[in-house]
There are 2 protein chains.
Amino acid sequence: MTPMMMSQLTITAIMEHAEKVNGNAEIVSVTADHPRHSYRYRDAFRRVRQLANVLSELGVEAGDTIGTLAWNDYRHLEIYYAVSCSGAICHTINPRLFPEQIEYIVNHADDQWIFIDLTLLGILEPVKELLPKVKGYIVMCEEASMPETSLPNAHCYESLLAKASDEFSWPELDENTPSALCYTSGTTGHPKGVMYTHRSTILHSFASIAPDVFGMSLRDVVMPIVPMFHVNGWGLVYSAPMVGSKLVMPGPKMGDGETLCSLINQEGVTMSAGVPTVWLALLDYLAKSGKTVDCLNKVTVGGAACPYKIMEEFSEKYGVEVQQAWGMTEMNPLGTYNGGMPHELDSLSEEERIKIKLKQGRPTFGVDIKVVDSDNNTLPWDGKSSGAVKVRGPWIVNEYYGYDGQTLDDDGWFETGDVACFDEHGYMQITDRLKDVIKSGGEWISSIDLENCAVNHPKVAEAAVVGIPHPKWSERPLLLVILQEGQTMEKQEMLHWFDGKVAKWWIPEDCLFVDSLPHTATGKLSKKDIRETYKDYRWPDEA
Amino acid sequence: MTPMMMSQLTITAIMEHAEKVNGNAEIVSVTADHPRHSYRYRDAFRRVRQLANVLSELGVEAGDTIGTLAWNDYRHLEIYYAVSCSGAICHTINPRLFPEQIEYIVNHADDQWIFIDLTLLGILEPVKELLPKVKGYIVMCEEASMPETSLPNAHCYESLLAKASDEFSWPELDENTPSALCYTSGTTGHPKGVMYTHRSTILHSFASIAPDVFGMSLRDVVMPIVPMFHVNGWGLVYSAPMVGSKLVMPGPKMGDGETLCSLINQEGVTMSAGVPTVWLALLDYLAKSGKTVDCLNKVTVGGAACPYKIMEEFSEKYGVEVQQAWGMTEMNPLGTYNGGMPHELDSLSEEERIKIKLKQGRPTFGVDIKVVDSDNNTLPWDGKSSGAVKVRGPWIVNEYYGYDGQTLDDDGWFETGDVACFDEHGYMQITDRLKDVIKSGGEWISSIDLENCAVNHPKVAEAAVVGIPHPKWSERPLLLVILQEGQTMEKQEMLHWFDGKVAKWWIPEDCLFVDSLPHTATGKLSKKDIRETYKDYRWPDEA
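In every chain, residue numbers begin from 1 and rise along the written sequence. Chains and ligands are labelled sequentially in the order written, the chains with letters from A and the ligands with numbers from 1. Per-residue local features of the predicted model are confined to residues with pLDDT of at least 70, and side-chain atom pairs are confined, for both listing and counting, to 80 or more; whole-chain, interface and lining totals are unaffected and use all residues. Side-chain numbers come from the whole structure's heavy atoms, not from hydrogens or water.

Peer 1: Is there a simple way to think about the overall build of chain A in this case?
Peer 2: Strands here are runs of E lasting at least two residues and helices are runs of H or I lasting at least four, both read from the DSSP assignment and numbered beginning at the N terminus. The helix and strand tally for chain A stands at 16 helices and 25 strands. For a compact globule the rule gives 2.2 Å times the number of residues to the power 0.38, and the radius of gyration it is set against comes from C-alpha atoms. In terms of C-alpha radius of gyration, chain A reaches 24 Å, essentially the compact-globule figure of 24 Å for 543 residues. Along the three orthogonal principal directions, the C-alpha set of chain A runs to about 75 × 60 × 55 Å. Throughout this description, buried means an accessible area under 20% of the type-specific maximum (1.4 Å probe, protein chains only), exposed means over 50%, and partly exposed covers the range between. The buried share among the 543 residues of chain A stands at 59%.

Peer 1: For this particular structure, what's the right way to read the packing of helix H3 (residues 74-85) of chain B against helix H9 (residues 236-243) of chain B?
Peer 2: Describing two packed helices takes the angle between their axes plus the distance from one axis to the other. Residues and elements named next belong to chain B. The axes used here are C-alpha line fits, helices contributing only the stretch in contact, and every angle between their N-to-C directions lies in the interval 0 to 180 degrees. Here H3 crosses H9 at 85°, and the two axes come no closer than 11 Å. Classified by the interaxial angle, the pair formed by H3 and H9 is roughly perpendicular. Of H9, the residues touching H3 (which contributes Leu 77, Tyr 80 and Tyr 81) are Val 237, Tyr 238 and Pro 241. Ten residue types, Ala, Val, Leu, Ile, Met, Phe, Trp, Tyr, Cys and Pro, are classed as nonpolar, four, Asp, Glu, Lys and Arg, as charged, and the remainder, Gly among them, as polar. When the residues that make up the contact of H3 with H9 are grouped by side-chain class, the tally is six nonpolar, no polar and no charged. Throughout this description, any angle smaller than 35 degrees is read as roughly parallel, any larger than 145 degrees as roughly antiparallel, any in the 65 to 115 degree range as roughly perpendicular, and the remainder as oblique. In what follows, residue pairs with any heavy atoms lying within 4.5 Å of each other are defined as contacts.

Peer 1: Please clarify how the sheet that holds strand S10 (residues 221-224) of chain B should be interpreted in this entry.
Peer 2: Two pairing modes exist for strands in a sheet, parallel and antiparallel, and in both the strands are linked by backbone hydrogen bonds. All names here are of chain B. Taking strand neighbours across the sheet as the criterion, the nine strands line up as S2-S1-S11-S10-S12-S13-S14-S15-S16 in an open arrangement whose pairing is mixed. Of all strands in the sheet, those bounded by a partner on one side alone are strand S2 (34-40) and strand S16 (362-363). Strands are labelled as partners when DSSP assigns at least two bridges between them. Inspection of the sheet shows strand S13 (residues 298-301) paired to strand S14 (residues 321-327) by four bridges, in the parallel sense. Each residue of the ladder has a partner; that of Val 299, found in S14, is Val 322. Contacting S10, strand S11 (246-249) and strand S12 (271-274), H9 runs over the sheet at an angle of about 155° to S11.

Peer 1: Which parts of the structure should I look at to understand the nonpolar core?
Peer 2: Think of a nonpolar core as a cluster: buried Ala, Val, Leu, Ile, Met, Phe, Trp, Tyr and Cys residues, connected wherever their side-chain atoms sit within 4.5 Å. Residues A:Tyr81 and B:Tyr81 are the most contacted members of the largest nonpolar core, which totals 188 residues. Beyond its immediate chain neighbours, meaning those up to four positions away, B:Tyr81 contacts B:Ile11, B:Ile14, B:Met15, B:Phe45, B:Val48, B:Ser86, B:Val237, B:Tyr238 and B:Pro241. Counting 57 residues, the second-largest nonpolar core is a separate cluster that includes B:Val30, B:Leu69, B:Leu120 and B:Val127.

Peer 1: Mind showing me how you'd approach the relation of the copies chain B and chain A here?
Peer 2: Superposition of the two copies of the chain requires a rotation about an axis together with a shift along that axis. If you rotate chain B by 180° and push it 0.0 Å along the axis, it lands on chain A with an RMSD of 0.2 Å. On the angle and the small slide along the axis, the relation comes out as a two-fold axis. Considering only C-alpha atoms, the residue of chain B closest to the rotation axis is B:Ala210, which sits at 2.6 Å. Both copies present the same face, since 100% of the interface residues in chain B are matched by interface residues at the equivalent positions in chain A. Copy-to-copy superposition: least squares on the C-alpha atoms, limited to residues that have pLDDT of at least 70 in both copies.

Peer 1: Would you explain the packing of helix H1 (residues 11-21) of chain B against H3(B) in this entry?
Peer 2: Residues and elements named next belong to chain B. In the contact formed by H1 and H3, the axes pass within 9 Å of each other and the chain directions differ by 125°. Between H1 and H3, the crossing angle belongs to the class labelled oblique. Considering how the two elements wind past one another, H1 and H3 form a crossing that is left-handed. Contact residues: Ile 11, Thr 12, Ile 14 and Met 15 in H1; Tyr 81, Ser 84 and Cys 85 in H3. Of the residues in the contact of H1 with H3, the class split is five nonpolar, two polar and no charged. Whether a crossing is left-handed or right-handed is set by the direction in which the near helix is turned from the far one by less than a right angle, anticlockwise for left-handed and clockwise for right-handed.

Peer 1: I tried to follow the interface of chain B and chain A on my own but got confused; where do I start?
Peer 2: Think of interface size as the accessible area that goes away when the parts come together; that is how it is often given. Across the contact, 71 residues belong to chain B and 71 residues belong to chain A. Once two parts are brought into contact, the accessible area they lose, counted with a 1.4 Å probe and summed over both, makes up the buried area. Sorting the residues of chain B by area buried against chain A places B:Met4, B:Met5 and B:Phe365 first, and these three jointly supply 17% of that buried surface. Criterion for a salt bridge: a side-chain nitrogen of Lys or Arg within 4 Å of a carboxyl oxygen of Asp or Glu. There are six salt bridges connecting chain B and chain A. Polar contact criterion, stated in full: a pair of N or O atoms within 3.5 Å, where within protein one must be able to donate a hydrogen and the other to accept it, and residues adjacent in sequence count only if both atoms are side-chain atoms. Viewed at the interface, chain A and chain B are joined by 36 residue pairs in polar contact (both at pLDDT 80 or more).

Peer 1: Before we go on, may I ask you to explain the sheet that holds strand S10 (residues 221-224) of chain A in this structure?
Peer 2: Residues and elements named next belong to chain A. Judged by pairing direction, the sheet is mixed, and its nine strands sit side by side in the order S2-S1-S11-S10-S12-S13-S14-S15-S16 without closing on themselves. In this open sheet, the two edge strands, each paired with only one partner strand, are strand S2 (34-40) and strand S16 (362-363). Where strand S1 (residues 26-31) lies against strand S11 (residues 246-249), three bridges are found, and the strand directions are parallel. Considered in S11, the bridge of Ser 29 is made with Met 249. This element, helix H2 (residues 41-57), spans S1, S2 and S11 of the sheet and lies at about 95° to S2.

Peer 1: What should I look at first to understand the pairing of S13(B) in this one?
Peer 2: In the case of a regular strand, side chains alternate between the two sheet surfaces. Residue and element names in this part refer to chain B. Of the two faces of S13, the one lined by Lys 298 and Thr 300 and the one lined by Val 299 and Val 301 are each fully buried. The pairing of S12 with S13 spans four bridges and is classified as parallel. Within S13, the position partnered with Ser 272 by the bridge is Val 299. Here is how to tell: hold the view so the strands point away, follow the path from the first strand over the helix to the second, and if it runs clockwise the crossover is right-handed. Note that the unit made of S12, helix H11 (residues 276-289) and S13 has a crossover that is right-handed.

Peer 1: Please clarify how the pattern of salt bridges should be interpreted in this entry.
Peer 2: Think of it this way: side chains of opposite charge can pair up when their charged atoms draw near. Residue and element names in this part refer to chain B. Counted according to the given criterion, the structure contains 58 salt bridges over all chains. The salt bridge partner of Lys 359 is Asp 423, with a shortest N-O separation of 3.0 Å. Of this pair, Lys 359 sits in the loop between helix H13 (350-357) and S16 while Asp 423 sits in the loop between strand S19 (414-422) and strand S20 (428-433), placing them 64 residues apart in sequence. Given the relative accessible area of 4%, Asp 423 is considered buried.

Peer 1: Even after reading the chapter, I still don't get the side chain of A:Ser446, so can you show me in this structure?
Peer 2: All names here are of chain A. If you trace the backbone, Ser 446 turns up in the loop between strand S22 (443-445) and helix H14 (447-455). Classification of Ser 446 as buried rests on a relative accessible area of 4%. At 3.3 Å, the side chain of Ser 446 forms a polar contact with the backbone nitrogen of Ile 448. A polar atom in the side chain of Ser 446 sits 3.0 Å from the backbone nitrogen of Asp 449. When near neighbours in sequence (up to four residues on either side) are disregarded, Ser 446 contacts Thr 431, Asp 432 and Trp 506.

Peer 1: Looking at this model, I keep getting lost on the side chain of B:Lys527. Mind explaining?
Peer 2: Residues and elements named next belong to chain B. Mapped onto the fold, Lys 527 is located in helix H16 (residues 527-533). For Lys 527, a relative accessible area of 7% gives the class buried. Those residues in contact with Lys 527, other than ones at most four positions away along the chain, are Asp 436, Ser 447, Glu 451, Val 465 and Val 466.

Peer 1: Can you walk me through unusual backbone geometry in this structure?
Peer 2: Trans is the common state for peptide bonds, and a negative phi is the common state for residues other than glycine. In the segment running from A:Asn332 into A:Pro333, the intervening peptide bond is cis, with an omega of 0°. Mapped onto the fold, A:Pro333 is located in the loop between strand S14 (321-327) and strand S15 (334-337). Positive phi is not limited to glycine here, since B:Ser474 has a value of about 80°. Looking at where B:Ser474 falls in the secondary structure, it is placed in strand S24 (residues 474-483). The exposure class assigned to B:Ser474 is partly exposed, which follows from its relative accessible area of 47%.

Peer 1: Explain helix H12 (residues 308-318) of chain B here, please?
Peer 2: Residue and element names in this part refer to chain B. Listing the buried residues of H12 in full gives Ile 310, Met 311, Phe 314 and Tyr 318. Each buried residue of H12 lies within a common arc of 105° when the element is viewed along its axis, so the set occupies one face. Opposite its buried face, H12 presents the exposed residues Lys 309, Glu 316 and Lys 317, each directed more than 90 degrees away. Of the surrounding secondary structure, the elements contacted by the buried residues of H12 are H11, S13, S14 and H13. As used here, the arc is the angular range of directions from the helix axis to the C-beta atoms.

Peer 1: Just to check I follow, could you spell out the pairing of S24(B) for this structure?
Peer 2: All names here are of chain B. A large share of S24 lies buried, amounting to eight of its ten residues. Here strand S23 (residues 460-470) pairs with S24 via ten bridges, running antiparallel. If you follow Val 465 over to S24, its bridge partner there is Leu 479. As paired strands, S24 and strand S25 (residues 510-513) are joined by four bridges and run parallel to one another.

Put into C-alpha cells, the structure is as follows:
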C-alpha cells in the first residue's frame, strides 16, 4: 500500500508553482546588454520552455552536463531551470578560478555546451583548445550585441530563443536526478565536484525559507548578491520562486556599491545575501554618498565570518539587521543560521547579544551537526570544547562527482574541515579550519582567533597565523603582519599586544613583518601558500 | 552514484533536532490532573524514550496501530512521537464521533492498545465488548488519579513510564513508513482512514512553517486549539518542535474562552489555530470580561469558512490578524493559506482587501490544485469559473487505508469534494461542497452562498439550503430557517431579502421556518439528513 502520493520533489515543481500562483512577481536584472531588465515570473518560465526546446535542438540529453560562466541575471536563471528541469545538469563555473582550474573542471565535468556571459569571453578564449569535448558556446546576449569571438561554434542566446516554440512538455523526473554541479576549489589537489539533486534542492529551499533562516515571504524583494556560481547563489534562485518573492539580480555589478544602492532603493529590496566584501563596498558607498537604504531590512552574511563593524554600521546607521550563515559547497550550502534568538537568551545584555550574533548560528532543521575530538569522540555543547565539525543530512554531499577518494568518514558523516565550538544554546562558533589549526603540546590553537586579535591592533592592516613545526611543542604559531601604510612597529610591541587577550601559551612564538600575503581565487588568505613559503623558517631559539 | 546523502525524512529527525537544538523550549499543558503542567522539550523527549520502552514491553511492533482518545496535552504529544518514531502508527480517534463510528474505526484500524484521557473513559466503556482486538488501555494520568474503570487490562500511564528506562535506540525508518492514521467521517458510508507517512509529515511541516503560511519562528508561542485528533492538529505538534516554538496546549479546555484567554496572556501566546467556533467562544469571553490578548498576533482559522465578524472583531478590537486556511484530512491537511498578499494587490481598497481575506487563500508550494467542470476540463483562474477542486502532491492521500474503492481519479488526482473558484491572483474561494451544490437548469447554485446571505438577515439565527428535485429545472434551492428567539417573519420577507444580493435564478424557490437543524459529529450542518427529512417535500406549484 502507498498511503500518500509519491509526488517527486523536483525543481520543475518550483517552476510550475511560481508560474501558476505567482506569475506576476517580478525579476529585475542588470546585464551587459541591459542596464535594467525587468519582466515577470510568467515571462521567465515561458522563455525557459523556449530554452528547453533550444537545448533539445542542440542535442542535449538527460544526464548531460551544461556549463555556465555567468553573473546573476535573468538569463542565468532561465538556464538554471531549463537545464535542470530537462533532466540535464547545470554546471556553474566560477570565473574567478585560475585558467588551469577552469580547464580542469570543464573537462572533468564533461560539459557539452557552455553558456557564457558577454563580459566573460576573455576567460575561455585563451583555453578553448584545451576544451575539446565542448560542442559549442552560447553567448548570453541579443543578436545586436553578439561579439566577435574565437570560441568555436558560438551561438547568440536570444537568436536561438527567438526561433524556439514556447511549448514544452517537461519530463517527469525522479527526485534523485542530479540537477546541478558546483566545484569546490580545495586548497590541495584538483577542485572537487558536488552534484546537487532535485530532492536536495527542494529540501534545502524548504529549510531556507523558514522564519528563523532567510524567512522569505512573497512580500519580500530579494537581491542575491552571492553569485549563482557559488553554491547556486545559496539557493535563492530556487527559494525566491518557491515563495513568490520579487528577485533583483545585480549581474556583473555585484561588487559596485552605487549600483547595489540604486537597485535596493529603486526596486524596494527588503533582503539580500552575500560575502562580507560586498557589504564593505555598499557601506563605503553609502558613507561617501550620504544615501540610505530604508527599504532594506536584513542582509545575510556568509562565506566568511562577518566583521563586527559591518554588523554595527548596518544596524546603527541604516537600521539593517545582519544575520550570519554558515555552510559550504558540500552542503547546498546551508548548515547553520543566526536568525531568531531563543527566548532563554531574552535577558542578555546588548554586549552579550552581540557576542552571540557574531557566532555562525544554530543548526537548521535537516542538518545534523557534531563536533569531535581527534579520536572522533563527540564533544559536548558547553561553550568550551572545540573540535572538528561533521555533518549529515539530506542536502549534504554523499560522493564527490567522479572522485576516487572517500568523501565521508566511516560512519557516514561528512567532515567539513572546520573547527568549531557549540555553546549550550546551540550556537556554533567557527574557530579555525582543521588544516590551519595549530597543534601545540597536544592542544589546539585557533589561527583565526590570533589573526582577529592581531588586526585589532591599530597599526595592523592584515595578519596571518600559521603553525610551524617546533621541536618541543610539535607546532607553534608564527604571526605574519602587514602594517598599515606609514606605520612602524617593533616585534615585541606586536607580541605584547596579545597579553591578557589570549591564553599565554597561544601567544605567537614569533612575528614577521611582510609586505604582502597570498590569497586564494575566492579572496581568502592562502594558508597553504604561506606554509609553503615559510617551510624552512626556523624559530629564533632553534638557530 | 548517489551524489547527496539519502537521509530519510522522519519524525524522529524532528524529535532529535528539537531535543538537541531547542531543548529548553517549553511545553505548557492543561490536563484533567494538572491545571497547568509545564516542562521543556528536553524533558518531553526523555519521556518519549521511556514511553518507547513501555510500548516495546507491551509487545508493540513496527507497523502496529495504537489508538489515542485524547485532548491536546503533553502526554498526547509524547504518544505521537513515541509511537511513530518506534515505527508504529498513531491512530487518533475523534471522541465526538458516534459510538458506532468509534467502534468501526477501532476495529478497522486494528488498534492494539488505546491511550485514553481520564475524561473520556465513558466513551469506550460502553462499547468495550465490541472491541475484542484491543489488548488493553493506558489511562493518561498519574497513579493517584487512576480511576475505577470497566475497561479490561487498564494501565496507568505515569506508572508505566516511571518503571521504564529513558534510554532507547530509535530504529532507522524509511521515510515512507506510515506514521499516523486519521479517519474522516464522510457523509456516506463508513469513515475512511487516511494514513500519513513520515515523509508526508516532514514535507507538510516544512511547507507550513513558511512565512506566508503559519510563519512559525522559535520566537513564537504556539497554541494549537485545533484538536490533535483532527488531522494531527493541523501538524502543529510537528511544526512547532521543528522550529523550536514554545507550545501551549489547552487540553479539554479548548472550547473555554476563559481558559484560552488566561493561557494566552500568562504564557505569551503569539499565534493559535482552530475552527471558527472556538474563536466565537474566546471573543465572547473577551467582550464580557473586558480582557484583551495583547501578545496574540495571529490566529489561523480552518475547518469552515471564517465569518467576517470574527475577522473584524479580532482585528479591530484586539489587533489580531485572522488568516484562513483550507485543507482536509486527506491533505495532511494543508492545501491553501491566506497569508501574505502579493504586491500586485497593494493598491486595493480596504473593502476589496477584506473580500480577499475572506477567501480560502492561495495554494501552498507542494500542493498542485485545479478546478474542473463536469467533463473534467480544467477551468481558468478568472474569478468566475467554479468547478470541482482536485489536488495532488506529496502530502495528499494516495489510497485510503484498507479501502476497496478508488481513492483517486483516473489521472491520479484526488477530488476534494469541494466546489471553488480561483481568481487571477491565485486565491481560491470555496463556493460549496460538490454534493450540496444545487444543479438548476444545467448551472450550479452555491448552497453556502445562499446560507451566508440568509444568516445576514437580522432575524435569522441559522439557515440551510438544499437542492430538491424539480420537474422543470432538475433541482431548485429550498431554504430552511431558524429564527432568532422571539422573532417572527413571513416567508415572502425572507425570500425578498435575496433580491439584488444574488442572481435572480439563485433565489430559493421556497422557504420553511423550522425549530432545529441536524448537525454532524464535527458540528457542521448535516445536509444529508436535511435532504432525507425533506425527500417527500413538494414545491408549492407542484401540489
